[in-house]
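For reference, the chains in residue letters:
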Amino acid sequence: MGVRSAATKLHIPPSAAARRPTTVLPLVAVFLLCSASYLVGVWQHGGFAASPSQQPPAVSIAAAVACTSTPKRTTKNKDSSSARPLDFSAHHAAAADSALSAAAGSSSSAKRYPACGIKYSEYTPCEDVERSLRYPRDRLVYRERHCPSSERERLRCLVPAPPGYRTPFPWPASRDVAWFANVPHKELTVEKAVQNWIRVDGDKLRFPGGGTMFPNGADAYIDDIAKLVPLHDGSIRTALDTGCGVASWGAYLLSRDILAMSLAPRDSHEAQVQFALERGVPAMIGVLASKRLPYPARAFDMAHCSRCLIPWQLYDGAYLMEVDRVLRPGGYWILSGPPINWNKYWKGWERTREDLRAEQQAIEAVATSLCWTKLKEAGDIAVWQKPYSHANCDSKETRFCSSKTSDPDAAWYHTMEPCVTPLPEATGGAVSKWPQRLTAVPPRVSRGAVKGVTARSFAQDTELWRRRVRHYRKVIAHKGRYRNVLDMNARLGGFAAALAAAGDPLWVMNMVPTVDGNTTTLGAIYERGLIGSYQDWCEGMSTYPRTYDLVHADSVFTLYDNRCDMDVILLEMDRILRPEGTAIIRDDVDMLVKVKSAADGMRWDSQIVDHEDGPLVREKILLVVKTYWTAQDH
């Protein structure tokens, strides 16, 4: 923290002053000049912060639940010279307390951001239902990302929480129960009542762990998969679940140290992805349509579809080709539901035997053209494996992409290509087993595919983030919980790796900004056994409001300076951050002063603290807490 200084008064006896009039005055002048120079120097290096004695007590960053202010104190924001530490305690977990004052901000000159209407409480700007109707229904294009195209369409208000919103249950309890007030939807409880997905229990939602194709529960279903695929030796760490429902498959894989990216569109079932994130399970809004999924090539060790109703055999097999792109060499694709075991289920699926037989044959033909090997079909589950190399692939139907014209990692609004990325031309090789792969040098780094990153600089980055996370533990106070964590500028995933190495019960969504130009780092992040996505922060993220407990933004505002308005990013951060949630913003002090000025009008409580290397470093840290308020309080 910065050191406070004040000029002290000099007490000189009158007699001494009379005897030495020519000596005292120069001393006083020199003292005042030195004091003024010191104060100006401190101000130039980031302003004043709380003294060390005023720092909040050290506490595990993963153990703290979001922060808020209490009804007895004002929500007025303080600048970095404030002696009052931020309140990192949870106040809305067991009961829906009365809301805080709607007035927030530290300065009358700060722009005040109004609350949006309650109809926007589940607003997803790039998957807005009304806007989607403008786009073609063919191939589900209307369900893809379509962000506001003009300033007139962009919301400039704070998305409210629904009345009665409560802090989610801590993990692992959240896997099985959530507050109904947080996601007030009953559609799935009715439509999927016999399939054991979800049910309402008073003021709570219960998730029994069932699914359409696993009525005995996700654990039993995963046990059946484990008989066909090695789930217990650390060789499988990252997984993709397309058409995830409420993400029970991903939720129960976590106990086996497998991290699944659960994916589902915003559709008539309402809030599938929102349910998943409320449970503390990684998930994003997304759909296999005409654009590539926002993940790099060779990202996942395993992909899964359980009655996801994706027409794998159509469009010349483009959807299976996309799965092939994001699967690592030797990765597995698991399919259950139509048309697998059609001879048993054809009547219940209300389809003819001939139709289902033809669909399975078409899927088998596409898999063959990808040079996949079908390992086994047992009961309701079929498993294919992607080859480690195409050297021995002799399928006449295989259409390989040109390595000169096709970038397999290009996936941000990139149209699907009806071709197969050849192996071993693709960058990236064998990865270590989990958990060794977390800190092992990623193959992309060792092969020189990540610009400006060497094995040595990778090791230095890993150690840097361990040290930074230790510093965060000192400045974020009060024991509680964080579960869903977002890193807005993940680079090599060092922040997430430092948290994972500490064994904290959380997961991190690592976002790599597309404007950085070095998007190849996302592939290295997946090779470390972590997950993430590409993202342009001038647009909305493909997630529901209030889905992250902690948001980390390292140099994001400098990166996007002059690209879009600062408040565009701040309003998006507010949308995806839970009430009583925390944000850690690192940036140059001049940028942070601007950020704080805008943030002071957003019902945030914020404080600038020093860099981990001390007050003379220009980079500072802005700690933010989002105060508790709901749609009924504004």
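- Under the annotation held in an unreviewed UniProt entry, the chain carries the name Methyltransferase and is attributed to Urochloa decumbens.

### Observations regarding the overall build of the chain
- Scanning the chain from N- to C-terminus turns up 17 helices and 17 strands.
- Classification of the 634 residues of the chain by burial places 58% in the buried group.
- Only carbon and sulfur atoms are counted for the fraction: they give 54% of the accessible area of the chain, which is about 25,700 Å².

### Thoughts on the pairing of strand 9 (residues 373–378)
- Judged from the five bridges that link them, strand 9 and strand 10 (residues 381–385) form a sheet pairing that is antiparallel. Each residue of the ladder has a partner; that of K376, found in strand 10, is V383.
- Once strand 9 ends, the chain turns through two residues before running back antiparallel as strand 10, passing G379 with a positive phi of about 65°.

### A few points about the sheet that holds strand 3 (residues 204–206)
- With respect to topology, three strands assemble into an open sheet ordered 1-3-2, the strand pairing being antiparallel. Only two strands of the sheet have a single partner each, and these edge strands are strand 1 (177–179) and strand 2 (199–201). Direction aside, the axes of adjacent strands within the sheet are offset by 35° on average.
- Where strand 2 meets strand 3, three bridges bridge the pair, whose relative direction is antiparallel. Residue pairing across strands places R199 opposite R206, the latter belonging to strand 3.

### Description of helix 5 (residues 218–226)
- Taken together, the buried positions of helix 5 are A218, Y221, I222 and I225. The buried residues of helix 5 occupy one face: seen down the axis, they fall within an arc of 95°.
- Buried-residue contacts for helix 5 involve helix 6 (248–253), strand 7 (300–306), strand 8 (327–336) and strand 10.

### Some points on the packing of helix 12 (residues 455–475) against helix 13 (residues 494–501)
- Viewed as axis vectors pointing N to C, helix 12 and helix 13 meet at an angle of 65°, and their least axial separation amounts to 8 Å. On the basis of their axis angle, the class for helix 12 and helix 13 is roughly perpendicular. Here helix 12 runs over helix 13; the crossing is right-handed. Between helix 12, through D461, W465, R466, V469 and Y472, and helix 13, the contact on the second element is made entirely by G494, F495, A498 and L499.
- The residue inventory of the contact of helix 12 with helix 13, partitioned by class, reads six nonpolar, one polar and two charged.

### As for the state of the cysteines
- A full pass over the atoms with the stated rule returns six disulfides.
- Two residues, C126 and C147, share a disulfide whose sulfurs are 2.0 Å apart. Between C126 and C147 the sulfur-sulfur dihedral comes to about 105°; the bridge is accordingly right-handed. Residue C126 is found in the loop between helix 2 (21–44) and helix 3 (129–132), and its partner C147 is found in the loop between helix 3 and strand 1; the two are separated by 21 residues along the sequence. No difference in accessibility class separates C126 from C147, as the two residues are buried.

Rules used throughout
- Residues numbered from 1 in each chain as written.
- Predicted model: local features only at pLDDT ≥ 70, side-chain atom pairs only at ≥ 80, totals over all residues.
- Heavy atoms only, no water.
- Helix = DSSP H or I, 4+ residues; strand = E, 2+ residues; numbered from the N terminus.
- Buried < 20%, exposed > 50% of the residue type's maximum accessible area, 1.4 Å probe, protein only.
- Areas by Shrake-Rupley, 256 points an atom, 1.4 Å probe, with all protein chains shown as cover.
- Pairing = 2+ DSSP bridges.
- Axes fitted to C-alpha atoms, helices over the stretch in contact; angles between N-to-C directions.
- Arc of directions from axis to C-beta.
- Contact = heavy atoms within 4.5 Å.
- Parallel < 35°, antiparallel > 145°, perpendicular 65-115°, else oblique.
- Left-handed = near helix turned anticlockwise from the far one by under 90°.
- Nonpolar A, V, L, I, M, F, W, Y, C, P; charged D, E, K, R; others polar.
- Disulfide = S-S within 2.5 Å.

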